[in-house]
Amino acid sequence: PSWGVPRDGGGDRRGGAGGPGWGVPRDGPRDGGMGMGGGGRGSDQGNAGMGRPAGRPEPAPVPKGIANEFKAKERVVENEFAGVLALPGESQGEAEERVKKVKAKKEAKAAEEKKAAEEKKRKEEESFKALDALPGATKDYEESREKAKGLRAQLEALQAKKSDDSDGDVEMADADADEEADKAEEDRLAKAVNDADLEVYAKQKMVSELEAAASYSPDVGEGTPVFHSLAYSHIGARGSGLDKTQIDDVREYLSLIAEGDEALAAKKEGRKAAGLKGKKSRRVDRDYYRSCVAAGSRDVAYEFLPKTWRLGFVCQQMVSSHDGNFDWSSKQLPSDGGDPKTFQPPTPDLSLEEYADEAIISGKIVIEVEDEGDFGEAADADPLKRARYVGAMEMAYEPALKYTMRRIYFEMAVVSTVPTKRGREEITVEHELYGLQNLVKKPISNFTEAHLLTRDDVCQWLKILHGERTGLIEVSITLPPPKGEDDTQGLGSNGMIGGEKIVQKADLTPFLKVLRKGCENHLEITATGWNAERNKVMLFALEKFLLPGLEAEARRKMTEAASDAGVTEAGAKLRELAMTGPFQNSWKMTTNPYALGKPDSNADVGAKFVGVCIGAGGREATYFAAVKHDGSYAAELALPGGVKINERADEVVRFFKQWKPSTVVVASSNATRRDFRAIEECLATARYAFNNRDVVKDEDLDDDDADAEEKKRDLFDDDYVGTWEAECTFYDDKLAQLFSRSPRGAKEFPSLEIGNRVAIGVARTAISPLVEVCAAWSVASELGTFGIEALYINLHPMQKMLPKGKLLKEYERVLCDCVAEVGVDLTRERELEACLQFVPGFGPRKSQMFRQNLKALGKSIMHRQDLLMEKSLGIKTKVFENAAAYLKLWDKADFDPDYDEDNRTLFDASRIHPECYITFEWAHKMCLDALSEDNDIAKVSQNGRIHRVITDSAEQIESHFAELREGFLKFSNNLDDFKADEFDPFDPVQYPEEKWRDRIGDLDLDAYAGMLKEQVGTEKRETLEVIKRELRWPFRDPRRPTKQLIARPLQQEQQVKLFELLTGEDDTTLRPGKELVGKISNPSEHGVRIMFDNGLQGFAHKSKLDDDVVVEDVETREDYRKGKHVRCVVLEVKKEHMSLDVSLRPSDLDRPSTKWPRPENLPPLDEYFDKDTADAVIETLEAESKAQAAHAAALAGAKEGGSSAVVTPLAPGIARRGNVKRACKHPSFRNANYKGVKKELDEMGADAVGLCLIHPSSGSEDQLTLTWCLREGLYKHYVIEEFDKPTDTSIGARLKIKEEEYGDLDEIVARFVEPLNDLLAEARASPKYREVDDLEEVDKELRVLKAGNPNGIPYLLASDPDLIGYFQLKFLPSQSIHKETVALSPNGFVLRKRTHKTINHMFTWFKLNANKKPAPPKPKPLQAPAPVSAPNPAVLPPQFDAMALAAAVQSATSAAAKPPPPTLP
């Protein structure tokens, strides 16, 4: 034992025990020994020892008499409640009376303390309840005041009106009537004002009571939750305008303080701390914090540190001030009395060493000898360690201080990225991460302001996160280093030395400058030592708590900002897709889209569409699907795979003639311009034959066949009048592809092939994209979540990184807006089914019920009020009020104002709400006022007036259109270039209100709105504007029609769109400098034409074939013969011609990819991107790769007799490299290794079960690997062999798994993977299947089953843990368990080399053959060796030994003559 001080032994984990001799009582085990100092024996609290402090003189001996008196008093205390002992000179009765009084006094005191504690607890609970109720009560009080204020204003206005009326001349009768009405109204208002005042008084009293209850502050001081709740009650409750982050800071701070208080209270009460809300904190730093607070370190900390909330106030004021200073004389809190010293931290009168000694002697500081301090020194030499920890943690959590530090951090912090080893190998100039892999100190403020983020900024941070998660780049968020240290460490511009990332020391000066202003004492001269101690606290708070937390917060904020901006952009893209107008034929584009009587562009009753889906690769069937104007499926035509359209042109022509479509929509996937021209030719032939049917006859038909054909044609022609106009167009089929592969498509057309569904879907999309998008939303998941299918519409380049929940909410909001703008036609079944759920007032459940009721009603709705009056429809009043204006009952073109047997009103064919023409007659009055100058207006019916107003506006629109057209013809004679679709008289930019000269526009709506406000008490100006707009064009479709997209000269925007649709390429995948492998298709005197796998054609001019000379004999050179595979590089992408300019020159092929120009359409490189460093890495790797390729080519003899640009296959026997990337865009294909594929499947979790991903094999260039997910985290791999590969980067034309051959990846998924999934699901659904990790569990269950039925043979099926993809069939015939291996194949379950189509068939066969042993494999019989023929001596070398030859021949002949051994059984 060392010299020390008396110590209280902790009674919980560390029972104190006094050390022997004159020493300090040490922390010992729970049952410590008794020392001379009287240390406790491991009870809940050890007694203080009497050790002598080091360096102090030995105390003087105690006089004997005094010692005896102390001993007597100690005996009395010890025996106080066990018996009565009299003091010297005291009788026994007096002693007993004295003890009774002491007991009574103690009992009274205990009862009083208990009552006070209960009262204190009650007041604290009431205080907290009052704090929670105060915001709501305050809000109610303010609302009551506003209500009373409004009523009082009405009363004063009425009284002022009465005063004005008394001064005027009014008829007596009218005056009496008005006076009585005003008197009644005045009495009513006076009573209402009185009631409101009483309500205000009552609520004000309630607020006062709550404030009084909330202001309760117990005597424990500022360290209690109640005090801190009061100190920060203005946040969130008083409308301070603070954001969610600051409110969360307050909650977290209060939670921390509450945990400390709970630990302190538990220590005082001698119980174990329960933690906040009865749960122990899981964070280690908070555990230590609570133990420190319980030991009294909080009181020690605030004897030399400022109160955290005062420090936060100082820091916040400094940052908010213009000069960054804090004026001590002018800044004070209301409770401070104006004393500037209140902002100075307290400074003990003693020095640091003297204070520590005094605190240790008094027991205020408890030392833990065995702990090492977090500040680097031993705890026994650092008595203030715990106090600093508590002060630093509470300082770091203080809301105002954290807010200040956050502002500084977000202004200073920067983002830097460096590529990993894998990233340096994979990131090239064509990679999506190029430009982001070497960011140098980009401020995080560029990523955190969501409203300022551009699309490039959003994609940038999401790409950075994606790169970090995939292991391609490392991201660091740091603070700048101290000034002068940027160059002294020898760092590169990207913070790298030799490819390794270097961690630099951060500059904390801006943080410390603010903290020191409020944390250091600037008034006391003796505070120097204490300021150093405070500086330790500040540094610890920054480095331990604040900066790590702010870095995590910065990452979170950047991710949230980027995600929110990305979700908003995805929503905008969805709106753009949904608001794409229906397809409109080109011959309608030159006419006025707003011509009077013209039906809506999506309501052409006679229009039919034919969707076309071209078969992939020429191997799949091509489908033509006829779809009616309402989206209903009519008929199909299928051309078998491998057959070109020209070869079956007569069938296509006959199909077109039968259905006479106005539009043929060709799906963009797999389509080529050659296919499009063939379809156009068939359509032109069909139109010519029909339009000239009276003249043109089929010469190949005899008279009987011609008559039959004419009768057949008449069946289809009787409903068609006039000339048949039709045209073809390409169309983006992403919605159609989604429909064809979704459960929705399979449910609607279960018997149709996927290609046929694509043809139907693309025709429907051309009719109305909004309906198709809404239909995609209408599919619910297994959990009942709608919109899951819509998430598969690719709308954002980083859509996989966006949160699905936010996307679904944004998509739903967008679709509600779009449907509200367009409306829903109740006469169209598909539109009603898909879009009604997005109409205000409806939802999935109500819309489904309404559709069922409407169908059961069996008649059309002619009047809007019938929606409410027809009870069988089930529409309630509120739903009707919300939805009525968005429902279209019938089209205005079908209405005759002079005769209508249904007694309809034209207002029902508009978006005018029934309130405006049924409940009130505002719309009727506007029509009447607009026609006030007509003399015959009194004789005209209401519908006649409405029609006259609509006609007047339509004539004005026609006048506007005529002016626009005449103006165009002044500058151009080609009317085909006139863009009539861009004419929009409702666009306020094109046609402001002053340009309108119609009657409805002459009305003074402002005056009318003012009059309505007096009548109904609400503003109706916007409602009147809607009425005016609808009277000009009822139910106008706001969507712009879709133009024809064909392979002819188009506008620049359409050229780019068509190029990307047909080729699947854009500037990120196809650009100058891109190296391709193609096949020469046509060598000519000008150069060579090359065909590529993506369907594009390239041309290499003869000057681009060699570096040294211009090749003149291109047609005769072997290097450029037709069918030769060559390696080339792209020089220019000609999107308008759908072609490429390429070069075969070695200098262009060897040119680094970083030296080629970057496409202008790509976003510019970031200004913080270190391009030189990144390009140097890429160029080095490219040079190494080309050197390796050249070496391999030299070994294989690839350069013999040919140009360096010619690709010659590797010689047989040469090992081919694996992991070669393929030019494949199949949804199940990934250009990644197994680790990347496994990581993607792991991230998908349970959603990956049943999926397969195909990727390049690491074994060979001619192999792929199929990774199939059996269950979460369990994968089976199959090798796919490739045959007939045109290039190394292509997918083989023939694919083989084991012995089964497939045509493409789709066929593998359909014929191999899907059957495996079905069989696996069937096995798992079997009652005999067990999903276990240990097969011993199956053995145990079998024995239990056997015990229950000894005569039976129990059997169970379980997955084999050792052989992935196999099962073990275990059964127990008697005592020992037997097992059989069951394999999975696409054809069924394989047991004992026998394939069973279903699991039940396998079990049935197994039960019949369980006791039969499987037959052993038959060995092949040994064959006699073939006779050896003697070699021809004529060809033997002269030195050959003829005698040896003869002996060899004789030996072989004799061996051949021996009989073969017997065949083994």
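Look up a bit, the structure's there.
What this report covers is the structure whose coordinates are included nearby.

What counts as what
Residues numbered from 1 in each chain as written. Predicted model: local features only at pLDDT ≥ 70, side-chain atom pairs only at ≥ 80, totals over all residues. Heavy atoms only, no water. Helix = DSSP H or I, 4+ residues; strand = E, 2+ residues; numbered from the N terminus. Buried < 20%, exposed > 50% of the residue type's maximum accessible area, 1.4 Å probe, protein only. Contact = heavy atoms within 4.5 Å. Areas by Shrake-Rupley, 256 points an atom, 1.4 Å probe, with all protein chains shown as cover. Expected span 1.5 Å × (residues − 1). Arc of directions from axis to C-beta. Phe/Tyr/Trp six-rings, centres within 6.5 Å; stacked < 30°, edge-to-face > 60°. Lys NZ or Arg CZ within 6 Å of the ring centre and 35° of its normal. Pairing = 2+ DSSP bridges. Core = buried A, V, L, I, M, F, W, Y, C linked by side-chain atoms within 4.5 Å. Axes fitted to C-alpha atoms, helices over the stretch in contact; angles between N-to-C directions. Salt bridge = Lys/Arg side-chain N within 4 Å of Asp/Glu carboxyl O.

**Section: the overall build of the chain**
Next, step 1: In terms of regular secondary structure, the chain is built from 41 helices and 32 strands.
Next, step 2: Of all 1465 residues assigned to the chain, the portion counted as buried reaches 43%.
Next, step 3: Expressed as a percentage of contacts within the chain between residues at least 6 apart in sequence, the contacts between residues at least 24 apart total 64%.
Next, step 4: As displayed, the chain offers around 79,000 Å² of accessible surface, 52% of which is attributable to carbon and sulfur atoms.

**Description of helix α32 (residues 1005–1016)**
Next, step 1: Here α32 is twelve residues long and its end C-alpha atoms lie 16 Å apart, about the 16 Å a rise of 1.5 Å per residue gives.
Next, step 2: Listing the buried residues of α32 in full gives L1005, Y1008, A1009 and L1012. Buried positions in α32, seen along its axis, are confined to an arc of 100° and lie on one side of it. Facing away from the buried surface of α32 by more than 90 degrees, the exposed residues are D1006 and E1014.

**Let's talk about the side chain of K1028**
Next, step 1: Following the sequence through the fold, K1028 ends up in helix α33 (residues 1021–1032).
Next, step 2: If near-sequence neighbours (up to four positions away) are discounted, K1028 is found in contact with M926, E993, I1000, G1001 and L1005.

**With respect to the packing of aromatic side chains**
Next, step 1: Applying the stated criterion across every chain yields a total of 24 aromatic pairs.
Next, step 2: Both rings, one in Y1355 and one in F1406, keep their centres 5.9 Å apart while their planes meet at 65°; by these two values the pair is edge-to-face. With Y1355 in strand β28 (residues 1355–1359) and F1406 in helix α40 (residues 1399–1409), this pair connects stretches of sequence that are 51 residues apart.
Next, step 3: We note K1276 situated over the ring of Y1278; from NZ or CZ to the ring centre the distance is 5.6 Å.
Next, step 4: It is K1328 that lies over the ring of Y1355; its NZ or CZ is 4.7 Å from the centre.

**A short note on the pairing of strand β13 (residues 727–731)**
Next, step 1: Counting buried positions over the five residues of β13 gives five, a clear majority of the element.
Next, step 2: Here β13 shows two buried faces, one formed by E727, T729 and Y731 and the other by C728 and F730.
Next, step 3: Direction of pairing for strand β12 (residues 663–667) relative to β13: parallel, over a ladder of five bridges. Bridge pairing in β13 places V666 opposite F730.

**Thoughts on the nonpolar core**
Next, step 1: Residues M405, Y409, F511 and L867 are the most contacted members of the largest nonpolar core, which totals 134 residues.
Next, step 2: Of all the elements, helix α17 (residues 528–578) adds the most residues to this core, at 19 residues.
Next, step 3: What Y409 contacts, discounting residues up to four positions off in sequence, is I444, I477, L479, F511, L547, L550, E551 and A554.
Next, step 4: Grouped together as the second largest cluster of nonpolar side chains are 54 residues, V653, W724, Y1120 and L1144 included.

**Focus: the sheet that holds strand β11 (residues 633–639)**
Next, step 1: What the five strands build is an open sheet, ordered β11-β10-β9-β12-β13; its pairing is mixed. Every interior strand has two partners, whereas the edge strands, β11 and β13, have only one. Strand-to-strand twist across the sheet, computed as the mean angle between neighbouring axes with direction ignored, equals 20°.
Next, step 2: Bridge analysis of strand β9 (residues 608–613) against strand β10 (residues 622–628) gives six bridges, and the strand direction is antiparallel. The residue bridging G611 from the neighbouring strand is A625, located in β10.
Next, step 3: Set on the sheet, helix α19 (residues 673–691) makes contact with β9, β10, β12 and β13; between it and β13 the angle comes to about 155°.

**Topic: helix α16 (residues 509–519)**
Next, step 1: Within α16 the residues assigned to the buried category are F511, L512, V514, L515, G518 and C519. Down the axis of α16, the smallest arc covering the buried residues is 165°, so these residues share one side. Every exposed residue of α16 that faces more than 90 degrees away from the buried side is listed here: T509 and K513.

**What to know about the sheet that holds strand β17 (residues 1075–1084)**
Pairing between sheet strands relies on hydrogen bonds along the backbone, with the strands arranged either parallel or antiparallel.
Next, step 1: Read around the barrel, five strands follow the order β17-β18-β19-β21-β20 and close on themselves; strand pairing throughout is mixed. Between one strand and the next, the sheet's axes are offset by a mean angle of 50°, whatever the strand orientation.
Next, step 2: Relative to strand β19 (residues 1097–1101), strand β18 (residues 1087–1091) runs antiparallel, the two being bridged by five bridges. Within β19, the position partnered with V1088 by the bridge is A1100.

**A closer look at the pattern of salt bridges**
Next, step 1: All chains considered together, the criterion is met by 72 salt bridges.
Next, step 2: Between D261 and R298 there is a salt bridge, and its shortest N-O distance comes to 2.6 Å. Remark: R298 occurs in helix α8 (residues 297–301) and D261 occurs in helix α6 (residues 244–269); sequence separation between them is 37 residues.
Next, step 3: Relative accessible area serves as the criterion here: at 13%, D261 is assigned to the buried category.
Next, step 4: Judged by relative accessible area, which is 8%, R298 ranks as buried.
Next, step 5: One salt bridge in this structure joins D1175 and K1171, with 2.5 Å as the shortest N-O distance. Of the two residues, D1175 and K1171 both sit in helix α36 (residues 1171–1196), four residues apart, roughly one turn of that helix.

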